[in-house]
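Now for the letters of each chain:
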Amino acid sequence: SDDPDTPYIIPGMLVQGGLCVLAGEPKTGKSWLLYQMILSVASGTVMPPYEYSKVPAKKVLLIANEGSQAGIKARLAALAKGMGLDLAATLANIGIIVGTQFLLDDHKATLEHLAAEYDLICVDVLANAWYGKEDSNDEVKQMIGLIRPAITAGATVLLVHHFGKVSATSGSRGGQRMRGASA
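In short, a report on the structure.

Rules behind the numbers
Residues numbered from 1 in each chain as written. Predicted model: local features only at pLDDT ≥ 70, side-chain atom pairs only at ≥ 80, totals over all residues. Heavy atoms only, no water. Helix = DSSP H or I, 4+ residues; strand = E, 2+ residues; numbered from the N terminus. Buried < 20%, exposed > 50% of the residue type's maximum accessible area, 1.4 Å probe, protein only. Contact = heavy atoms within 4.5 Å. Areas by Shrake-Rupley, 256 points an atom, 1.4 Å probe, with all protein chains shown as cover. Pairing = 2+ DSSP bridges. Expected span 1.5 Å × (residues − 1). Arc of directions from axis to C-beta. Axes fitted to C-alpha atoms, helices over the stretch in contact; angles between N-to-C directions. Parallel < 35°, antiparallel > 145°, perpendicular 65-115°, else oblique. Left-handed = near helix turned anticlockwise from the far one by under 90°. Nonpolar A, V, L, I, M, F, W, Y, C, P; charged D, E, K, R; others polar.

1. Some remarks on the overall build of the chain
1) Next: Within the chain, the secondary structure is distributed over seven helices and seven strands.
2) Next: In the chain, the succession of helices and strands from N to C terminus is β-β-β-α-β-α-α-β-α-β-α-α-β-α.
3) Next: Looking at the 183 residues of the chain, the share that counts as buried comes to 42%.
4) Next: Sequence-distant contacts in the chain: of pairs separated by 6 or more residues, those separated by 24 or more amount to 72%.
5) Next: With the model as given, the accessible surface of the chain reaches about 9,400 Å², and the carbon-plus-sulfur share is 53%.

Now the structure itself:
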């Protein structure tokens, strides 16, 4: 948004209280970009191209459906060191939940509750956190409905999504491969 009053979690990138999707082909660095975003928000150090800007540090929750808690913390620690961050202070602002089907109906109230505690809720990866069909507008609308209470409560929700491999029938553009994206 060009509106100077628009509140951002990451300036120019993630709007506060919004739904964002980080999507791409498998093995293209989405999780590493996500971790950099998480560390930037948790430390108050803004990502490029705003390298010298500082914003208030915010609380981040990572709902990780791939990897282990120890592995995720090791990745975050290595990246934080490379970014020159205070590791203890930054990690104090990050919550990690591993291996959970968090976008099901019975977790709607939990997401809303977590939004009161966290400014940014990241789900890595969508396919492992939701049983719906990404090519069904109705099912994508239902999934967004499950997330909406967290957004309404003021949290930004960031979903990491893997596109399937490009084939002759799936097309070459991401939106063509996620038909439910019009929801």
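Right, picking up where we left off after that structure.
2. Topic: the pairing of strand β6 (residues 120–124)
1) Next: Among the five residues that make up β6, five are buried, leaving the element largely enclosed by the rest of the structure.
2) Next: For strand β4 (residues 60–64) and β6, the ladder comprises five bridges, and the chain directions are parallel. Bridged to L61 within β6 is I121.
3) Next: Pairing of β6 with strand β7 (residues 156–162), which is carried by five bridges, proceeds in the parallel orientation. Counted as the bridge partner of I121 is V157 from β7.

3. Structural notes on the environment of K59
1) Next: Its location among the elements puts K59 in the loop between α1 (30–43) and β4.
2) Next: On the accessibility criterion, K59 (28% relative accessible area) is partly exposed.
3) Next: Sequence separation of K59 and L91 is 32 residues, and the distance between their C-alpha atoms is 9.6 Å.
4) Next: Dropping the residues within four chain positions of it, K59 is found in contact with A92, N93, E117, Y118, D119 and L120.

4. Looking at helix α2 (residues 69–82)
1) Next: Here α2 spans 20 Å end to end across 14 residues, near enough to the 20 Å set by a 1.5 Å rise per residue.
2) Next: Those residues of α2 that sit buried are I72, L76, L79 and A80. The arc enclosing the buried residues of α2, seen along the axis, measures out at 105°, which places them on a common side. Of the exposed residues in α2, the ones pointing more than 90 degrees away from its buried face are A70, K81 and G82.
3) Next: Following α2 by one or two positions, G84 adopts a phi angle in the positive range, close to 70°.

5. A word on the packing of α1 against α2
1) Next: It is at 10 Å that the axes of α1 and α2 come closest, and there the two elements cross at 65°. Comparing the axis directions of α1 and α2 gives the class roughly perpendicular. Both α1 and α2 take part in a crossing whose hand is right-handed. On α2, the residues that touch S31, W32, Y35, Q36, I38 and L39 of α1 are I72, R75, L76, L79 and A80.
2) Next: In the contact of α1 with α2, the residues fall into eight nonpolar, two polar and one charged.

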